[in-house]
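# Examination of the molecular architecture
Residue-level listing of the chains:
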Amino acid sequence: MDIIVKCVCSIVQLQYTVQIRFTEGSGKMRDVYLDNAATSFPKAPGVGEAIKNFVEKSATNINRSGYNVGFTAEELVFETREMICDLVNFTKTENIIFTVNATTGLNILIKGVLKPGDHCLVSSVEHNAVMRPLNQISQIGVECTRIPCDSKGKLDVATIPKLIKSNTKAIIMTHASNVTGTILPLKEVGQICAKSDLYFIVDGSQTLGSLPINFTDAGIHALAFTGHKSLLGPQGIGGFVVSPILADKIEPLICGGTGSLSEREEQPMILPDKFEAGTINLPGIAGLHQALKFIMQTGIDAIRLHELELTQALLGGLKALPNIRIIGSSEMKERTSLISIDCLKHDNADVAYTLQKEYGIRTRCGLHCAPAAHKTVDTFPQGTIRFSPGYFNTKKEMDYTISSLQKILTEPL
Ligand SMILES: Cc1ncc(COP(=O)(O)O)c(C=O)c1O
């Protein structure tokens, strides 16, 4: 019989209730969530309540209601834009564009920037959120070259200059791979873009909220983000930060009502309206607003420190286990809190299934929507088992994960 034990963890000044389930008798711990790279769980404290409050008490649309309560939604959205600005060291709130996720933001940016005859560079570890739009526009004559990363997923910036051609317009790069966990060198690539007059478009899906990103210092022109991963918010809200120069150059992908300049039938060119046609996800923004408040109060450095400690503990334990290949950089400072492994004598899917079924440990097994990254680190087509601890995991859960995995790997085949 399962007993639910409620324990109150004090994590960096904040009291947060986590439910850990123990199975009586066997002593096995249940429900260890290690799939934060897919979507974070739990969300930041108060996120659910903020969404509920918005829907139940103040659900109004911005720019559209003439009655007073409508301004609450406007303030909420404005403050959320402000918090994202603060998070990435940027000042123009109107250049924070909300979409439903990072994928939509990346589509707007990629299809807005690249036109027939243009060429771009991408890292060889990109997610399909980048590769599929690029593949689509290759049919209208947009060319793309991959910057090769090594077997640990590291990108050597020295390889970039010789890949730049006369028609190269942009470098599109993830800040960190969702397969290898290896962090790519933002600032150095930003410098190359500045020198070669290229747009620098960054996919921050895996890092915004858990790693510092300095939009201005890194010379980024656009940064796509998603609310439901390390930003600790709900699904269905994401967006991008865009520099005024790039915002001016790209056409919106979707046109429609904005609640502004309604006397005209043309899409307004003012920001953020240019890229925010239709009703935006206000309950999602209410949740993201709360999550950002939590992140700001806790501090990115404290979040990074805790996640690094967990990753180090997990990595240390994994290194001692037999018959696995650990993917990604051996330098902790080059890693996000994500470790992929490839089992050499077991089937990855079997191991991930047993971890969940027998030990209650939820990981993610497969290709993680990033076949290019797997090809780079030689884990294609079998994929990997991905462990991605988040801010609310504990060292004890890492120890339990290692001991559970050890049992599975040392059981007779
Ligand atoms: C590196 C990377 N880019 C983009 C995405 C897409 O994020 P979303 O599904 O929120 O659009 C993901 C999600 O897995 C990701 O890991």
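These lines cover the structure that appears in this document, whether it is placed above or below. For clarity, every value in this text was computed on a predicted model and none was experimentally measured.

### Comments concerning the state of the cysteines
If you walk through the whole model with that rule in mind, you get 0 disulfides. With no disulfide of its own, Cys 120 has Cys 144 as its nearest cysteine by sulfur position, at a separation of 4.0 Å. Judged by its relative accessible area of 0%, Cys 120 falls in the buried class. Exposure remark for Cys 144: the relative accessible area of 33% places this residue in the partly exposed category.

### Considering the pattern of salt bridges
Summed over all chains, the structure comprises 10 salt bridges. Among the charged side chains, a salt-bridge network with shared partners connects Asp 35, Arg 364 and Arg 386.

### Observations concerning the pairing of strand 6 (residues 119-123)
The buried count for strand 6 comes to 5 of 5 residues, which makes it a mostly enclosed element. The sheet contact formed by strand 6 and strand 7 (residues 143-147) spans 5 bridges and is parallel. Paired with Cys 120 across the strands is Cys 144, a residue of strand 7. As judged from the 4 bridges shared by strand 6 and strand 8 (residues 168-174), these two strands associate in the parallel manner. Each residue of the ladder has a partner; that of Val 122, found in strand 8, is Ile 172.

### Focus: the site of the ligand
Not every one of the 13 residues close to the ligand is listed here, only the nearest: Thr 103, Asp 203, Gln 206, Thr 226 and Lys 229. Within the contact set of the ligand, a nitrogen atom lies 2.5 Å away from a side-chain nitrogen or oxygen of Asp 203. When the ligand is considered free in solution it has 390 Å² of accessible area, and contact with the protein chains removes 88% of it. A breakdown of the residues in the shell around the ligand according to their chemical character gives 2 nonpolar, 9 polar and 2 charged.

### So, the sheet that holds strand 5 (residues 96-99)
Sheets are built from strands paired through backbone hydrogen bonds, the pairs being either parallel or antiparallel. A sheet is described by the order of its strands in space; here 7 strands give the open sequence 5-11-10-9-8-6-7, paired in mixed fashion. Each edge of the sheet is formed by a strand with only one pairing partner; in this case those strands are strand 5 and strand 7. Direction aside, the axes of adjacent strands within the sheet are offset by 20° on average. Bridge analysis of strand 5 against strand 11 (residues 238-242) gives 4 bridges, and the strand direction is antiparallel.

Parameters at a glance
- Residues numbered from 1 in each chain as written.
- Predicted model: local features only at pLDDT ≥ 70, side-chain atom pairs only at ≥ 80, totals over all residues.
- Heavy atoms only, no water.
- Disulfide = S-S within 2.5 Å.
- Buried < 20%, exposed > 50% of the residue type's maximum accessible area, 1.4 Å probe, protein only.
- Salt bridge = Lys/Arg side-chain N within 4 Å of Asp/Glu carboxyl O.
- Helix = DSSP H or I, 4+ residues; strand = E, 2+ residues; numbered from the N terminus.
- Pairing = 2+ DSSP bridges.
- Near = heavy atom within 4 Å.
- Polar contact = N/O pair within 3.5 Å; in protein donor to acceptor, adjacent residues only side chain to side chain.
- Areas by Shrake-Rupley, 256 points an atom, 1.4 Å probe, with all protein chains shown as cover.
- Nonpolar A, V, L, I, M, F, W, Y, C, P; charged D, E, K, R; others polar.
- Axes fitted to C-alpha atoms, helices over the stretch in contact; angles between N-to-C directions.

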